[in-house]
Amino acid sequence: MSVELNLTAKNIYEKEFKKSRAKGYSEDDVNDYLDLIIEDYMKIDKLLTRIKELEIENQNLKIKIDALKNTVKEEKPVQVTNLDILKRLSKLELAVFGPGNKDSDIY
């Protein structure tokens, strides 16, 4: 989101108003300059509001991410396949009957 402001701090600081014939500055000149300042403040206000909205959205998304991470961790069941069972049985046979058992060579 790119916003181009009409004025910079340097512009405001260096602004010189034309003197009118009467005492003081030209009212039209001052009003035009103030209108530019008001436009910039309105743009900045909109930007700040949008930033606040995005910060809230960011926090909500972080909360959702954490919740999803926890859900994924909780939903991971231990998957035991037939091959895992056969390997465990083979190890059990070796432990119970020893390595000399002729049926232990099948797996």
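Computed from a prediction, not measured in an experiment: that's the story for all the values here. (Residues numbered from 1 in each chain as written. Predicted model: local features only at pLDDT ≥ 70, side-chain atom pairs only at ≥ 80, totals over all residues. Heavy atoms only, no water.)

1. Observations concerning a negative patch on the surface
Turning to step 1, where the next piece is worked out: A surface patch of like charges, here negative, comprises Glu27, Asp28, Asp32, Asp35 and Glu39.
Turning to step 2, where the next piece is worked out: Within the element layout of this structure, Asp35 appears in helix α2 (residues 27-75).
Turning to step 3, where the next piece is worked out: With a relative accessible area of 42%, Asp35 lands in the partly exposed category. (Patch = residues over 30% accessible without salt bridge, like charges linked within 9 Å, V, L, I, M, F, W, Y side chains within 5 Å. Areas by Shrake-Rupley, 256 points an atom, 1.4 Å probe, with all protein chains shown as cover. Salt bridge = Lys/Arg side-chain N within 4 Å of Asp/Glu carboxyl O. Lys, Arg positive; Asp, Glu negative; His and termini not counted. Charge placed at Lys NZ, Arg CZ, Asp CG, Glu CD. Helix = DSSP H or I, 4+ residues; strand = E, 2+ residues; numbered from the N terminus. Buried < 20%, exposed > 50% of the residue type's maximum accessible area, 1.4 Å probe, protein only.)

2. Some details on helix α3 (residues 82-97)
Turning to step 1, where the next piece is worked out: For α3, spanning 16 residues, the distance from its first C-alpha to its last is 22 Å, which sits close to the expected 22 Å at 1.5 Å a residue.
Turning to step 2, where the next piece is worked out: Gly98 lies just past α3 and shows a positive phi near 90 degrees. (Expected span 1.5 Å × (residues − 1).)

3. What about the pattern of salt bridges?
Turning to step 1, where the next piece is worked out: In this structure the tally under the stated criterion is one salt bridge.
Turning to step 2, where the next piece is worked out: With its nearest N and O atoms 3.3 Å apart, the salt bridge here joins Glu53 to Arg50. Highlighted residues: Glu53 and Arg50, both in helix α2, separated by three residues, approximately one helical turn.
Turning to step 3, where the next piece is worked out: Its relative accessible area of 34% is what places Arg50 among the partly exposed residues.

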